[in-house]
Amino acid sequence: MGDLIYLYGLVPTNEATNQSFPSFKGFDDVGDIYTIPIDDITAIVCNLNANEYSEESIKDRINNDMEWLQEKAFHHHETVMKLSKLFTIIPLKFCTLYKNQDSLKTTVHANGSKMMNTFDLLAGNEEWNLKLYCDDQLLKEQVSQNNPTIEAKRAEISELPRGKQFFEKKKIDKLIENELEEEKNRVSEAIHANLQTFVLQGNVKKNWSKDVTGKKENMTWNGVYLISKSEVESFLEQIQQYEKEMKEMGWQFEASGPWPAYHFSSFS
């Protein structure tokens, strides 16, 4: 059985030929990474032994060998990161494999027009991520004291007979929780909408749990943005301004990048 092709990413051929390709070790830490020109698109790949890296063996390692998974995932991420600093790259997901060069070329040819459009979208731009966190307890106190809906409910309860007030006050806590979530969403969406003025595209991702983030505060927003390099400084300055204004209200901002543009390019 011959070698498999491990695909890291795709770059414009004119970029790949205009500079010398760096020397990187491949996925197995034995062979080297190399390029396969496919007309206007160049694939960045390495070879893998088909017996050692069969689909079944990779699934088994992913499910049962966390040390191997972390090592290989880090290799893939670091390699794509280095390549993204040199080329306009469509990054591929971890463990994207082809049976041979012919199958890879067939897929690239079938998606060539889409890929060239993606290169046009990505050229001169960067992917950045913004995560928002909130101290729920601190914000809950502010909502409890300053929210018009809650103030109206308290005023309504105060007019009731004393016996009924006791039971109605029980409902206030639930109302505060609901208003807290609405406030977090409102603030996050307003920030996201304002940041759209600095970016070419902005998408919302699923929030991460505390188990994933390792933070005591809840994540309230997870946005990813494609930004022209000329606008990145303004984008980050706006985030710093938000952080300065909202820190005492319990909000935290975590901007990171630039990253390979996984969220604004797709190729399977």
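In case you missed it, the structure is sitting above this.
What you are looking at is a predicted structure, and each value in this text was computed from that prediction instead of being measured. (Residues numbered from 1 in each chain as written. Predicted model: local features only at pLDDT ≥ 70, side-chain atom pairs only at ≥ 80, totals over all residues. Heavy atoms only, no water.)

**What to know about the overall build of the protein**
Consideration 1: Counting secondary structure elements, the protein contains 10 helices and nine strands.
Consideration 2: Expressed as a percentage of its 268 residues, the buried residues of the protein come to 42%.
Consideration 3: Partitioning the contacts of the protein with sequence separation of at least 6, the portion at a separation of at least 24 is 76%.
Consideration 4: As displayed, the protein offers around 15300 Å² of accessible surface, 48% of which is attributable to carbon and sulfur atoms. (Helix = DSSP H or I, 4+ residues; strand = E, 2+ residues; numbered from the N terminus. Buried < 20%, exposed > 50% of the residue type's maximum accessible area, 1.4 Å probe, protein only. Contact = heavy atoms within 4.5 Å. Areas by Shrake-Rupley, 256 points an atom, 1.4 Å probe, with all protein chains shown as cover.)

**Digging into the pattern of salt bridges**
Consideration 1: Enumeration according to the criterion identifies six salt bridges in this entry.
Consideration 2: Here lysine 184 makes a salt bridge to glutamate 181, at a shortest N to O gap of 3.2 Å. Residue lysine 184 and its partner glutamate 181 are both found in helix 8 (residues 162-195); the two are separated by three residues, about one turn of the helix.
Consideration 3: Between arginine 186 and glutamate 183 there is a salt bridge whose closest N-O contact spans 3.0 Å. (Salt bridge = Lys/Arg side-chain N within 4 Å of Asp/Glu carboxyl O.)

**A closer look at the sheet that holds strand 8 (residues 218-228)**
Consideration 1: Reading across from one edge, 7-8-6-9 is the order of the four strands in this open sheet, with antiparallel pairing throughout. Only two strands of the sheet have a single partner each, and these edge strands are strand 7 (201-204) and strand 9 (251-259). Across this sheet, the average inter-strand angle for adjacent strands is 20°, counted without regard to direction.
Consideration 2: Direction of pairing for strand 6 (residues 125-134) relative to strand 8: antiparallel, over a ladder of 10 bridges. What sits directly across from glutamate 127, in strand 8, is leucine 226. (Pairing = 2+ DSSP bridges. Axes fitted to C-alpha atoms, helices over the stretch in contact; angles between N-to-C directions.)

**Regarding the packing of aromatic side chains**
Consideration 1: Tallying each qualifying case throughout the model produces eight aromatic pairs.
Consideration 2: On the numbers, 6.2 Å between centres and 15° between planes, the contact of phenylalanine 21 with phenylalanine 87 is stacked. Of the two residues, phenylalanine 21 sits in the loop between helix 1 (13-17) and strand 2 (34-38) while phenylalanine 87 sits in the loop between helix 3 (66-84) and strand 4 (90-91), which places them 66 residues apart along the sequence.
Consideration 3: Consider the rings of phenylalanine 27 and tyrosine 53, whose centres lie 5.9 Å apart with planes at 75°: the pair is edge-to-face. Remark: tyrosine 53 occurs in the loop between strand 3 (41-49) and helix 2 (55-64) and phenylalanine 27 occurs in the loop between helix 1 and strand 2; sequence separation between them is 26 residues.
Consideration 4: Look at phenylalanine 27 and you get buried, because its relative accessible area is 1%.
Consideration 5: Take tyrosine 53: its relative accessible area is 7%, and that puts it in the buried class. (Phe/Tyr/Trp six-rings, centres within 6.5 Å; stacked < 30°, edge-to-face > 60°.)

**Quick notes on helix 4 (residues 101-110)**
Owing to its 3.6 residues per turn, the α-helix aligns residues three or four sequence positions apart on the same side.
Consideration 1: Inspection of helix 4 places Leu104, Thr107 and Val108 among the buried residues, and these make up the whole buried set. End-on, the buried residues of helix 4 take up no more than an arc of 100°, which puts them together on one face. Looking at helix 4, the residues exposed on the side facing more than 90 degrees away from the buried face are Asp102, Thr106 and Ala110.
Consideration 2: On its buried side, helix 4 packs onto strand 1 (3-12), strand 2, strand 3, strand 5 (97-98) and helix 5 (112-122).
Consideration 3: Measuring from the side-chain oxygen of the N-cap residue of helix 4 to the backbone nitrogen of aspartate 102 gives 3.1 Å; that N-cap residue is asparagine 100. (Arc of directions from axis to C-beta. Polar contact = N/O pair within 3.5 Å; in protein donor to acceptor, adjacent residues only side chain to side chain.)

**Some remarks on the packing of helix 2 against helix 3**
Consideration 1: It is at 6 Å that the axes of helix 2 and helix 3 come closest, and there the two elements cross at 105°. In terms of their interaxial angle, helix 2 and helix 3 are classed as roughly perpendicular. Of helix 3, the residues touching helix 2 (which contributes Ile58, Arg61, Ile62 and Asn64) are Met66, Trp68 and Leu69.
Consideration 2: Looking at side-chain class alone, the contact of helix 2 with helix 3 contains five nonpolar, one polar and one charged residues. (Parallel < 35°, antiparallel > 145°, perpendicular 65-115°, else oblique. Nonpolar A, V, L, I, M, F, W, Y, C, P; charged D, E, K, R; others polar.)

**Focus on the pairing of strand 2**
Both faces of the sheet carry side chains from a regular strand, because those side chains alternate between them.
Consideration 1: Pairing geometry for strand 2 and strand 3, over five bridges, is antiparallel. Bridge assignment links isoleucine 38 to a residue of strand 3, and that residue is isoleucine 41.
Consideration 2: Two successive antiparallel strands, strand 2 and strand 3, enclose a turn made up of two residues, where aspartate 39 displays a positive phi of approximately 60°.

**A closer look at the side chain of glutamate 127**
Consideration 1: Relative to the helices and strands, glutamate 127 is located in strand 6.
Consideration 2: Buried and without a salt bridge, glutamate 127 has lysine 205 as its closest oppositely charged side chain, separated by 6.4 Å.
Consideration 3: For glutamate 127, the contacting residues outside a window of four places in its chain are Val224, Tyr225, Leu226, Gly257, Pro258, Trp259, Pro260, Ala261, Tyr262, His263 and Phe264. (Lys, Arg positive; Asp, Glu negative; His and termini not counted.)

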